[in-house]
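Listed below are the residues making up each chain.
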Amino acid sequence: MIAIVDYDAGNIKSVEKALQYLGEKPVITRDTDTLLRADKVIVPGVGAFGVAMQQMARYGLPETLHEIVSRETPVLGICLGLQLFFDSSEEAEGVKGLSLLPGRIVRIPPKEGYKIPHMGWNSIRVNKSSRLMSGVEDGSYVYFVHSYYLKADRPEDVAATTDYVVPIDAAAERGNVFATQFHPEKSGEVGLRILKNFIAL
């Protein structure tokens, strides 16, 4: 069973539809017992870091997610989900993230000719040792919507990078924790390949 975590942060239906297209029957839930029974867990989300962490706390999800990770269940964060997996964000100073991986989220700096939020297709460079990115070619295009981006503390945790104003850590992976700043569920065949890779872990 693949569980999609519902913490009122949106972007659930598109993830559900992509998984259904791949033949899966995902369960949308915030129930602790259901999440702990899942074979895989996906944390999607769009919106603000601080509000999302409030919602996570409201439903007791930080403790549940740490338990899931400790059980070595594969977990995938998407977009805001990726950001929550790290320590902190400039979007919400003083608010602690889940700290599943070390790093921080910072604002994309303004630059003439570039729109923020960054919204659209960008090519990525792939870490060839990444399990999540297996079979994804360097230069593949994926779909982004974000104003903040990841600076991972450990270069070896970075599964893919892109450039938009600045170099951006576009995906991360260590052990059973995986995350993408881009939306694989909206990234065509490349995105479906990434989701297949996650399903197959």
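Details of the structure are given in the entry above.
The rules behind the values
- Residues numbered from 1 in each chain as written.
- Predicted model: local features only at pLDDT ≥ 70, side-chain atom pairs only at ≥ 80, totals over all residues.
- Heavy atoms only, no water.
- Helix = DSSP H or I, 4+ residues; strand = E, 2+ residues; numbered from the N terminus.
- Rg over C-alpha atoms; globule rule 2.2 N^0.38 Å.
- Buried < 20%, exposed > 50% of the residue type's maximum accessible area, 1.4 Å probe, protein only.
- Contact = heavy atoms within 4.5 Å.
- Areas by Shrake-Rupley, 256 points an atom, 1.4 Å probe, with all protein chains shown as cover.
- Lys, Arg positive; Asp, Glu negative; His and termini not counted.
- Charge placed at Lys NZ, Arg CZ, Asp CG, Glu CD.
- 1 Å grid on protein atoms, 1.4 Å probe; cavity = no way out; pocket = protein on both sides within 12 Å on 5 of 7 lines; lining within 4 Å.
- Points joined across faces, edges and corners; volume = space filled by probe spheres on them.
- Nonpolar A, V, L, I, M, F, W, Y, C, P; charged D, E, K, R; others polar.
- Salt bridge = Lys/Arg side-chain N within 4 Å of Asp/Glu carboxyl O.

Student: Would you mind going over the overall build of the chain with me for this structure?
Tutor: Helix and strand content of the chain: six helices and 13 strands. By the compact-globule yardstick of 17 Å for 201 residues, the chain fits well, its C-alpha radius of gyration being 15 Å. By principal-axis analysis of the C-alpha atoms, the chain measures approximately 50 × 40 × 30 Å. Per-residue burial over the chain gives 56% buried out of 201 residues. Once local pairs closer than 6 in sequence are excluded, the contacts in the chain between residues at least 24 apart make up 68%. Surface accessibility of the chain: about 8900 Å² in total, with carbon and sulfur atoms responsible for 48%. Between the averaged position of the 22 positive side-chain charges in the chain and that of its 25 negative side-chain charges there is a distance of 3 Å.

Student: I'm lost on the layout of surface pockets in this one. Help?
Tutor: It is the rolling of a water-molecule-sized probe over the atoms that shows where space remains empty. Size it by volume and the largest pocket reaches roughly 160 Å³. For the largest pocket, the full set of lining residues is Val-46, Gly-47, Cys-79, Leu-80, Gln-83, Glu-91, Pro-117, Val-145, His-146, Ser-147 and Tyr-148. Considered class by class, the residues forming the lining of the largest pocket number six nonpolar, four polar and one charged.

Student: Can you walk me through the environment of Leu-192 in this structure?
Tutor: Structurally, the position occupied by Leu-192 is in helix α6 (residues 188-199). Classification of Leu-192 by relative accessible area gives buried; the value is 13%. On a C-alpha basis, the gap between Leu-192 and Leu-22 in space is 7.8 Å, while along the polypeptide they are 170 residues apart. Discounting chain neighbours no more than four positions away, the residues touching Leu-192 are Ala-18, Tyr-21, Leu-22 and Pro-184.

Student: I keep staring at the pattern of salt bridges and nothing clicks. Help me out?
Tutor: Opposite charge on two side chains allows them to pair when their charged atoms are near. One pass over the structure, following the stated rule, counts nine salt bridges. Close ionic contact of Glu-16 with Lys-13 constitutes a salt bridge, the shortest N to O distance being 3.3 Å. A residue pair is termed a helical-turn pair when its members lie 3 or 4 positions apart in one helix, as Glu-16 and Lys-13 do in helix α1 (residues 12-21) at three residues. Note on Lys-13: relative accessible area 53%, which makes it exposed. Among the ionic pairs, Arg-174 bridges to Asp-157, the shortest N-O distance being 2.6 Å. Of the two residues, Arg-174 sits in strand β12 (residues 166-174) while Asp-157 sits in the loop between β10 (148-152) and β11 (158-164), which places them 17 residues apart along the sequence. Here the salt bridges do not stand alone but share partners, grouping Arg-154, Glu-156, Asp-157 and Arg-174 into one network.

That is the geometry; function is a separate question.
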